[in-house]
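Notes for the structure review
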Amino acid sequence: MLKGILCCMSANFLFGLGYYFAILLRPLSGESMFGYRIFVLAPFILLAIILFKQAGKFSELLQKIRQNPPLVLLIALLAFIQGFQLWLFLWAPNNGQAIEVSIGYLLLPIVAVALGKMVFKERFTTLKWLAISFAALGVCSNIWLTGTFSWATLAAGVGYPIYITLRRYFQINNLATFFVELLFIMPFAAYFAMQTNVTEMVAQNPFLFYFLALFGIVNGAAFILYIASSNMLPVNVLGMLGYVEPLVMLFISFAIGEVLEAKSYLLMICLAFAIGLLTLDSFRRK
C-alpha cells in the first residue's frame, strides 16, 4: 500500500510539473506539442515494458482481443480519451484555460471516488458521501453563478477517471495496452507534428529539442509510476492522491499570470473541503 501511495504521489507531481512544458515549448502550438509529445513519450514507455519484463502483456492483450474482438473498439476509445487529454493538457496553458483545466483535475479525484463506488462497489464511508456532496455543491454553485460550466473543466475532470475505470474493468490496465493506445494515436500525432516549421520554431526557441527530450523523460516516468500505482491501489485511494497534480498545476497557472475569477471561489472552497474529507477518510482507514 505504501509503495503504491509513493508511486502515485510521485507520478502526480511529475504530471503537474509537466504543465509548465507548455510554456517552455513555445512557440509550438498546442497541436504541435501534442504531436511531438506522443513521439517522445512512446520510446520511454516501450523501454519500460522491456526493462520491467512486461512484453508478455502484449500476448495477453492479443489473446483477449481474439476472445472478444470488440475489445479493439474499446482500445480505440481509450486511445481517443488519452489523446484528447494529452492535447488538452498542453493546449490549455497557452490559451487562457490553465486554471479551468487545473480545476478539472481538482474535480478528478471526486469523480474517481464516485466511479469506484458505482462500478467496483468500493466501500463508501460517511466522509466520502460528504466529499461527493461538497463537490456537487461546488459544481452546481459555479453553474448558477457563471451561467455555464467550463468544457475544459468538465473534460479534465471526467476523462481520466473514465479511462482508468474502463481499463480496470476490462482487466487491460498495463503499459502494453497504453503503448498500443499510443500506436492508435501516432497517425494523428504525425499529422500535427508535420504541420510545424521546425527551422522557424528552433530559431525562436534554440532549446526546443532539449525541452522536448526532457519532457519525454518526465512524462515517461510519470506514466510508468501512475500505471504501476493504479494496479496497487483501489480506485478511490488512487483518485484521492490525485490532488497533488492539480495543486502543482494551479501553482503553475498562477505563475504564468492567470487569475482565478471571484465567481469560482465557492467552487474552489467546496473542492478543498471535498479533498480534505477524502484525505481525512484515508487516514482514518489506516
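Residues numbered from 1 in each chain as written. Predicted model: local features only at pLDDT ≥ 70, side-chain atom pairs only at ≥ 80, totals over all residues. Heavy atoms only, no water.

1. A short note on the overall build of the protein
What counts is decided by this rule: A run of H or I in DSSP becomes a helix once it reaches four residues, and a run of E becomes a strand once it reaches two; helices and strands are each numbered from the N terminus. Radius of gyration means the value over C-alpha atoms here, while the globule rule gives 2.2 Å times the residue count to the 0.38 power. Three labels apply to residues, based on accessible area from a 1.4 Å probe with only protein chains included: buried if under 20% of the type maximum, exposed if over 50%, partly exposed otherwise in between. Only the protein chains shown count as cover for residues, and all accessible areas are computed by the Shrake-Rupley method using a 1.4 Å probe. Neither His nor the chain termini are counted; the positive set is Lys and Arg, and the negative set is Asp and Glu. Charge positions come from single atoms, namely NZ of Lys, CZ of Arg, CG of Asp or CD of Glu.
Within the protein, the regular secondary structure consists of 14 helices and zero strands. Seen in sequence order, the protein has helices and strands lined up from the N terminus as α-α-α-α-α-α-α-α-α-α-α-α-α-α. Its C-alpha radius of gyration of 19 Å places the protein within 12% of the 19 Å reference for a compact globule of 286 residues. Expressed along its principal axes, the backbone C-alpha trace of the protein runs to roughly 55 × 50 × 35 Å. Out of the 286 residues in the protein, the part that is buried amounts to 54%. In the form shown here, the protein has an accessible surface area of approximately 13,400 Å², with 71% of it arising from carbon and sulfur atoms. Across the protein, the centroid of the 17 positively charged side chains sits 15 Å from that of the 10 negatively charged ones.

2. Focus on the side chain of Gln-97
Here is the rule we go by: Residues are treated as being in contact if the distance between any of their heavy atoms lies within 4.5 Å.
Locating Gln-97 in the fold gives a position in the loop between helix H5 (71-91) and helix H6 (98-120). Taking relative accessible area as the criterion, Gln-97 reaches 19% and is therefore assigned buried. When near neighbours in sequence (up to four residues on either side) are disregarded, Gln-97 contacts Tyr-19, Trp-91, Ala-92, Ser-150, Ala-152 and Glu-258.

3. Some words on the pattern of salt bridges
Pairs can form between side chains of opposite charge whenever their charged atoms are close. Short version of the rule: A side-chain nitrogen of Lys or Arg and a carboxyl oxygen of Asp or Glu constitute a salt bridge if their distance falls within 4 Å.
A full pass over the atoms with the stated rule returns two salt bridges. With a shortest N-O distance of 3.6 Å, Lys-57 and Glu-60 are connected by a salt bridge. One end of the pair is Lys-57 and the other is Glu-60, both in helix H4 (residues 56-67) and three residues apart, which spans about a single turn. Under the relative-accessibility criterion, Lys-57 is labelled partly exposed at 28%.

4. Let's talk about the UniProt feature "domain: EamA" (unreviewed entry) in the protein
Put simply, the rule is: UniProt positions are given in the numbering used here, feature names are shortened, and annotations may be inferred rather than shown by experiment.
The UniProt entry lists residues 3-140 under the feature "domain: EamA" (unreviewed entry), expressed in the numbering used here. In the segment residues 3-140, helix accounts for 82% and strand for 0%; the C-alpha atoms at its two ends are 37 Å apart.

5. Digging into the environment of Trp-151
Note on placement: Trp-151 falls in helix H8 (residues 151-169). Given a relative accessible area of 42%, Trp-151 falls into the partly exposed group. Beyond its immediate stretch of four places on either side in the chain, Trp-151 contacts Phe-84, Trp-87, Leu-88 and Trp-91.

6. Here we look at H8
The test is simple: Helix span, expected: 1.5 Å multiplied by one less than the number of residues in the helix. Identification of polar contacts relies on pairs of N or O atoms within 3.5 Å, with a donor-acceptor requirement for protein atoms, meaning one able to donate a hydrogen and the other able to accept it, and with residues adjacent in sequence counted only if both atoms are side-chain atoms.
Counted at 1.5 Å a residue, the expected span for H8 with its 19 residues is 27 Å, and the 26 Å between its end C-alpha atoms agrees. Of all the residues in H8, the buried ones are Ala-152, Thr-153, Ala-155, Ala-156, Gly-157, Gly-159, Tyr-160, Pro-161, Tyr-163, Ile-164, Thr-165 and Arg-167. Where H8 starts, the residue carrying a side-chain oxygen 3.2 Å from the main-chain nitrogen of Ala-152 turns out to be Ser-150. The first or second residue beyond H8 is Gln-171, which carries a positive phi of 55°.

7. Quick notes on H6
Applied cut-off: A residue's bend is the angle separating two fitted axes: one through the seven residues that end there, the other through the seven that start there.
Look at H6: 32 Å from first C-alpha to last across 23 residues, which is about the 33 Å you get at 1.5 Å a residue. Maximal helix bending in H6 amounts to about 30°, located at Leu-107; proline Pro-109 follows within four positions. In terms of burial, H6 is a largely internal element, 17 of the 23 residues being buried. Lys-121, located one to two residues past H6, shows a positive phi value of around 55°.

8. Some words on the nonpolar core
To keep it simple, the criterion reads: What is meant by a nonpolar core is a set of buried Ala, Val, Leu, Ile, Met, Phe, Trp, Tyr and Cys residues, joined one to another through side-chain atoms within 4.5 Å.
Grouped together as the largest cluster of nonpolar side chains are 71 residues, with contacts concentrated most on Ile-45 and Val-101. For this core, the element with the most residues is H5, which contributes twelve residues. With residues up to four places along the chain from it excluded, the contact list for Val-101 reads Tyr-19, Leu-88, Ala-92, Ala-152, Ala-156 and Met-249. Counting residues in each nonpolar core, the second largest holds 23 residues, with Phe-124, Ala-131, Leu-271 and Leu-277 among its members.

9. Some points on the packing of H4 against H5
Going by this rule: To define axes, lines are fitted to C-alpha atoms, for helices over the stretch in contact only, and angles between the resulting N-to-C directions are given on a 0 to 180 degree scale. If an angle is under 35 degrees, it is roughly parallel; if it is over 145, roughly antiparallel; if it lies from 65 to 115, roughly perpendicular; otherwise it is oblique. Amino acids are sorted into nonpolar (Ala, Val, Leu, Ile, Met, Phe, Trp, Tyr, Cys and Pro), charged (Asp, Glu, Lys and Arg) and polar (every other residue, Gly among them).
Interhelical geometry of H4 versus H5 gives an angle of 125° and a closest axis separation of 8 Å. Comparing their axes, H5 and H4 come out oblique. Contacts between H4 and H5 involve Leu-61, Lys-64 and Ile-65 from the former and Leu-71, Val-72 and Ile-75 from the latter. Class assignment for the residues of the contact of H4 with H5 results in five nonpolar, no polar and one charged.

10. Here we look at unusual backbone geometry
The amide bond that connects Arg-26 to the next residue, Pro-27, takes the cis arrangement and shows omega of 15°. With a phi close to 55°, Gln-171 is a non-glycine residue in the positive phi region. Residue placement: Gln-171 occurs in the loop between H8 and helix H9 (175-194).

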